[in-house]
Amino acid sequence: MNPSKNISLRLLLILPFILQIFGAVGLVGYLSFQNGQKAVEELANQLMLEVGERISERLNLYLETPHLVNQLNEDAIDLGQLDLEDLPSMEPHFWRQSQVFNLISYIQFGSNRGEFVGLAVNDDGTFAYQVTDFTGALQTYAIDEQGRRGKFLQTSPNFDPRRRPWYIVPQQADRPAWTPIYAWVNPPTLAITLGQPYYDKTGKFQGILATDLTIAQISDFLRSLKIGKSGKTFILERSGLLIATSSTESPFIIKNKTPERLAASESRDMMTRSTFKYLTDYFENLASINSRQQLSFTIAGQRQFVQVMSINDRRGVDWLSVVVVPESDFMEQIDANTQTTILLCLAALGIATILGIFTAHWITKPVLRLSQASEAIAAGKLEQNVGKYRVNEIDILAQSFNRMAQQLRESFAKLAKTTEQLEIRVKERTAQLAAANAEITQLNEKLQTENLRLGAELDVARQIQQMILPKPEELEDIEGLDIAGFMEPADEMGGDYYDVLQIDGIVTLGIGDVTGHGLESGLLMLMTQTAVRTLQQIREQDPVRFLDTLNRTIYHNVQRMNSDKNLTLAILNYSEGRVSISGQHEETLVVRAGGHIERIDTMDLGLPIGLDDDIADFIDHTIVELHPGDGVVVYTDGIPEAFDLEKKQYGLDRLCKIISQNWQHNAQEIKQAVIDDLRAFIGKQKVFDDITLVILKQQ
Amino acid sequence: MLTRMAIEEIKDKDYTVQYDPESSTVDFIGLLSLGGTKEYAPIADLLNKIAASKPDQMTLNLRKLEFLNSSGISMLSKFVLGLRKKKGIQLVVLGSNEIPWQGKSLKNLQKFLPSLKLEIE
């Protein structure tokens, strides 16, 4: 895994957070701005609408006033209050009207006969009467404060009202009608006159009643309107000529001391000019504008709201009122608002970002700590505790982690302890094994020593056994008897004994079998031999006393030796052809000269020696007579009880048979024949017991 | 005794010595030619243990013991001699005439312990 390709948790938490905040703040800002724009537009339009309405109202009021005056004068004529035959009589009436209707600048009547009477309202606030005389000259008089004709001021000859536009237009229209706008020379101003034909009761046309309206007053009114901060309004004819404007310039220019109408396109006011240009561009023909239109355009990058509406009074006035307001007038506040919004958004963004980073840090810190701790645990450092956290879920995670770490530690500790215990146990076992091994080694050594000792003992015993055997020459020295003895110790067993002693013509033959083997057996044999020789030397002839004494001697010695050994023993005493047999042993074979064998059971002649203290009662003896060529054969159980390979015993019968067959030979040959036959029988079988054989043949 | 002693057995390749507590009989089977007193000790211990429990009658069945060497006879003789001091145990020895060593050796046992009942068939 490449860590650089992974996204850090902190970045993952912070980035979307900040992006969202950016998005939300941006959207809010944008919508706020859009709303501001829309609000500005609505506000501007509302303002323009109101201004337009006020202009319409005011203009209607202006334009209605002349009509009202004309109507009043017509009524007065009809009622006979004014006399068409005496025009100067109308003067006070006109004056009174001028006092009431201050918007008008001239009230007049021109008769179809060319007579004229009128009241002029001068710019300086004074009034003047103008009346034609009989010559047709127009006489101008001042007017005093009571409306009476004052001093004569001037006269203008050849004045015919019937040539004036205010007379011609309504006469031709045959109804009330406005003159076109015309310029006054003195004072220089623009004016417009509403004329109304007058018919008498007979329906005969009598002349034109007319009232003037100065247009300068409209401009004054327009200037009085507050349209935003720098909004402008102006009124113009569909021809493009200005009628009134809220700008400082006048709607006409003086050329050669004569006022001349000013076209909007010629205005010195840039805004007026631009607006007019936009309108003419937009509508192509101003005449086509019928309804109110609200539009917007730009001047030098600045957005302008513009409203144009027609003003029409059905008497010939057909004007356009234009209101134009720069967006900047409203935008100042909106811009300030927008700026505030942006600042607030930035502040919110900053705070949210900081909060986001803080929150992310708050969340990621424990996660980071946890991940580091996990890594540490994975690396084997189990002593990890991530502490407490105030975020519930994180805290649960942290506490779970702590518990798991604790459990891990405990498990590891337990494992370590177990391992330790195991090691201790292994050590203990090893120690025990070592001890046992040492013991075994020791025992082994002991055994070896024992074996050596036993071996040595056996050797000693064997040597004793061999040493105390009668020498062949001893046997040869015995007169009248042919004696052959044989003894072969077994590998392990042994304890056979035989001896042939001679004193005073008495030959004592002892044969025995000591149980067991080793030193004890050897000693027992030696003791037995000594005791027998002792008893023989003291010439003990009583078999019972002989064996009883011998038994007691051996028994007590065996008791002292703390031994459990004993022996069978037969004692044969030969003297002058008579053999006395006593002691319990194998059957004694008495062989007659022809080879016939008599088996003498010795079971009732004694008991084993060394077993019991007193065996006197069980000792007996039997006497056998020997003739020349007769003999006696004694042996130990090693011969009849020898096994062949099939565990068959050699047996006494076979022994008797081989002795019988060879009895014609001398003792040595007979002995050899028996041994050869026995060896042939045993074959490769182990020899379990000592083999002893003694042949005694009387010559 | 509520609990019956299990049949005890001392066994080797050539012989089996088996004790049946029910009949207080020890059966000797096979050929016994162990090397001396030490090797006969387990058998001697078994016999002495039985005698220690003082049964009214104790039977040694030697009829299937084809051979017993001199050490074995010595062990038996000593056991029988030991019984002289323990009155009240009727020792019965079962022997066979067909086995050569038994005819003479078993009579010795009777000499050591006159109360011994020797049944040879």
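Residue numbers here run from 1 along each chain, matching the order of that chain's written sequence. Just so you know, chain letters begin at A and ligand numbers begin at 1, following the order they were written in. Only residues with pLDDT of at least 70 are given local features in this predicted model, and only at 80 or more are side-chain atom pairs given and counted; all residues enter the totals for whole chains, interfaces and linings. Where side-chain values are given, they derive from all heavy atoms of the structure, hydrogens and water being excluded.

> What is the right way to read helix H5 (residues 270–283) of chain A from this model?
Residue pairs spaced three or four apart in an α-helix point in one direction, given the helix's 3.6 residues per turn. Residues and elements named next belong to chain A. Over its 14 residues, H5 extends 20 Å from the first C-alpha to the last, a length consistent with the 20 Å expected when each residue adds 1.5 Å. Exposure categories follow from relative accessible area, calculated using a 1.4 Å probe and restricted to protein chains: below 20% of the type maximum is buried, above 50% is exposed, and the middle band is partly exposed. Under the DSSP-based scheme used, a helix requires at least four consecutive residues in state H or I and a strand at least two consecutive residues in state E, with every element numbered from the N terminus. By the burial criterion, the buried members of H5 are Met271, Thr272, Ser274, Thr275, Phe276, Tyr278, Leu279 and Phe283. Throughout, a contact is declared for two residues whenever any of their heavy atoms are within 4.5 Å. Packing partners of the buried residues in H5 comprise strand E10 (232–237), strand E11 (242–245), strand E14 (293–299), strand E15 (302–312) and strand E16 (318–326). Of the residues one or two after H5, Glu284 is the one with positive phi, at around 65°. Here a helix's expected span is defined as the number of its residues, less one, multiplied by 1.5 Å.

> Whenever I open this one, the pattern of salt bridges confuses me. Can you help?
Side chains that carry opposite charge are capable of pairing whenever their charged atoms lie near each other. Residues and elements named next belong to chain A. Salt bridges are identified by distance alone: a Lys or Arg side-chain nitrogen within 4 Å of an Asp or Glu carboxyl oxygen. One pass over the structure, following the stated rule, counts 33 salt bridges over all chains. The salt bridge involving Arg292 is made with Glu53; its shortest N-O contact spans 3.3 Å. Of this pair, Arg292 sits in the loop between H5 and E14 while Glu53 sits in helix H1 (residues 9–78), and the two are 239 residues apart along the sequence. What makes Arg292 partly exposed here is its relative accessible area of 39%. Residue Glu53 is classed as partly exposed on the basis of its relative accessible area of 34%. Across the salt bridge formed by Arg315 and Asp313, the nearest N and O atoms sit 3.9 Å from each other. With relative accessibility at 12%, the residue Arg315 sits in the buried group.

> Sorry if this is basic, but what is going on with the sheet that holds strand E2 (residues 15–20) of chain B here?
Strand pairing in a sheet relies on backbone hydrogen bonds. The paired strands run either parallel or antiparallel. Residues and elements named next belong to chain B. What makes two strands pair is DSSP finding at least two bridges between them. In space, the six strands of this open sheet follow the order E1-E2-E3-E4-E5-E6, with mixed pairing throughout. Both outer strands of the open sheet, strand E1 (8–11) and strand E6 (117–120), are each paired with one neighbouring strand and no more. Across the sheet, the mean angle separating the axes of adjacent strands is 10° when strand polarity is ignored. As paired elements, strand E5 (residues 90–95) and E6 share four bridges and run parallel to each other. Along E6, the bridge assignment pairs Val92 with Lys117. Contacts from helix H1 (residues 37–52) reach E1, E2, strand E3 (25–32) and strand E4 (57–68) within the one sheet, and its direction differs from that of E3 by about 165°. Only the contacting stretch of a helix is used when fitting its axis, a line to C-alpha atoms as for every element, and angles between N-to-C directions run 0 to 180 degrees. Where helix H2 (residues 70–83) meets the sheet, it contacts E4 and E5, and its direction lies at approximately 170° from that of E4.

> I would appreciate a short explanation of the side chain of Gln139(A) in the present structure.
All names here are of chain A. Its place among the elements puts Gln139 in strand E4 (residues 138–143). Contacts described as polar in this section are N or O atom pairs within 3.5 Å, which, within protein, must combine one atom able to donate a hydrogen with one able to accept it, while residues neighboring in sequence count only if both atoms come from side chains. Among the polar contacts listed, one links the side chain of Gln139 to the side chain of Thr155, at a separation of 3.0 Å. Once you skip the residues sitting within four places of it in the chain, Gln139 turns out to touch Tyr129, Gln130, Val131, Asp133, Phe152, Gln154 and Thr155.

> What should I look at first to understand the interface of chain B and chain A in this one?
Quoted interface sizes are often the accessible area lost when the parts come together. Listed by partner, the interface residues are 18 residues for chain B and 23 residues for chain A. Once two parts are brought into contact, the accessible area they lose, counted with a 1.4 Å probe and summed over both, makes up the buried area. Together, Phe67(B), Lys104(B) and Lys111(B) form the three largest contributors to the area buried by chain B at its contact with chain A, with a combined 31%. Linking chain B to chain A there are three salt bridges. Its salt-bridge partner being Asp14(B), residue Lys647(A) comes within 3.1 Å of it at the nearest N-O pair. On the surface where chain B and chain A come into contact, there are six residue pairs in polar contact (both at pLDDT 80 or more). Mapped by element, the contributors of at least two residues to the side of chain B that touches chain A are H2 and helix H3 (100–112) of chain B. Ranked by residues supplied to the side of chain B that touches chain A, first place goes to H2(B) with six residues.

> Whenever I open this one, helix H4 (residues 216–224) of chain A confuses me. Can you help?
All names here are of chain A. The complete set of buried residues in H4 reads Ile218, Ser219, Phe221 and Leu222. Projected down its long axis, H4 shows its buried positions confined to an angular sector of 160°, all on one face. Looking at the buried positions of H4, the neighbouring elements they touch are H1, E10, E11 and E16. For this quantity, the arc is that covered by the directions from the helix axis to the C-beta atoms.

> What should I look at first to understand the sheet that holds strand E25 (residues 631–635) of chain A in this one?
Residues and elements named next belong to chain A. As summarised here, the arrangement of the five strands in space is E17-E26-E25-E22-E23, forming an open sheet in which the pairing is antiparallel. The open sheet has two edge strands, strand E17 (481–488) and strand E23 (597–600), and neither has a second partner. Direction aside, neighbouring strands of the sheet carry axes that sit 15° apart on average. Both E17 and strand E26 (residues 691–698) contribute to a ladder of eight bridges, which runs antiparallel. Bridge assignment links Ile483 to a residue of E26, and that residue is Leu696. Each of strand E22 (588–591), E23 and E25 is contacted by helix H11 (residues 652–662), which is oriented at about 140° to E23, the strand it contacts most.

> Explain the packing of aromatic side chains here, please?
By convention here, two paired aromatic rings are described through the distance between centres and the angle between planes. Residues and elements named next belong to chain A. To pair, rings of Phe, Tyr and Trp, with the six-membered ring standing in for Trp, must have centres within 6.5 Å; the planes then decide the type, stacked if under 30 degrees apart, edge-to-face if over 60, and tilted in the middle. The tally for this structure, following the rule as stated, stands at twelve aromatic pairs over all chains. Consider the rings of Tyr278 and Phe297, whose centres lie 4.5 Å apart with planes at 10°: the pair is stacked. Linking Tyr278 in helix H5 with Phe297 in strand E14, this pair joins segments that are 19 residues apart in sequence. The same class applies to Tyr278 as to Phe297, namely buried. It is Arg149 that lies over the ring of Tyr141; its NZ or CZ is 4.1 Å from the centre. A ring is considered to have a charge above it if a Lys NZ or an Arg CZ atom is located within 6 Å of its centre and within 35 degrees of its normal. It is Lys697 that lies over the ring of Trp663; its NZ or CZ is 5.0 Å from the centre.

> Sorry, what's going on with unusual backbone geometry here?
Working note: non-glycine residues mostly have negative phi, and peptide bonds are mostly trans. Residue Ala300(A) is not a glycine yet carries a positive backbone phi of 50°. Position of Ala300(A) relative to the elements: it lies in the loop between E14 and E15.

> Is there a simple way to explain the packing of helix H9 (residues 519–537) of chain A against helix H10 (residues 543–560) of chain A in this structure?
A pair of packed helices is characterised by two quantities: the angle between their axes and the separation of those axes. Residue and element names in this part refer to chain A. One way to put it is that H9 packs onto H10 with a least axis distance of 10 Å and a crossing angle of 145°. Taken as a pair, H9 and H10 cross one another with a handedness that is right-handed. Facing Leu524, Met527, Thr528, Ala531, Val532, Leu535 and Gln536 of H9, the residues of H10 in contact are Phe546, Thr549, Leu550, Ile554, Asn557 and Val558. When the residues that make up the contact of H9 with H10 are grouped by side-chain class, the tally is nine nonpolar, four polar and no charged. The sense of a crossing depends on the near helix, which, turned anticlockwise from the far helix by less than a right angle, makes the crossing left-handed and, turned clockwise, makes it right-handed. Under the scheme applied here, ten amino acids are nonpolar (Ala, Val, Leu, Ile, Met, Phe, Trp, Tyr, Cys and Pro), four are charged (Asp, Glu, Lys and Arg), and all others, including Gly, are polar.

> What should I look at first to understand the pairing of E15(A) in this one?
The side chains of a regular strand alternate, residue by residue, between the two faces of the sheet. Residue and element names in this part refer to chain A. Note: E14 against E15, seven bridges, orientation antiparallel. Residue pairing across strands places Ile299 opposite Gln302, the latter belonging to E15. The hairpin formed by E14 and E15 contains two residues between the paired strands, and Ala300 there has a positive phi angle of roughly 50°. Both E15 and E16 contribute to a ladder of nine bridges, which runs antiparallel. Following the sheet pairing, Gln307 is matched in E16 by Val323. Hairpin connection, E15 to E16: the antiparallel pair is bridged by five residues, and Arg314 has positive phi, about 65°.

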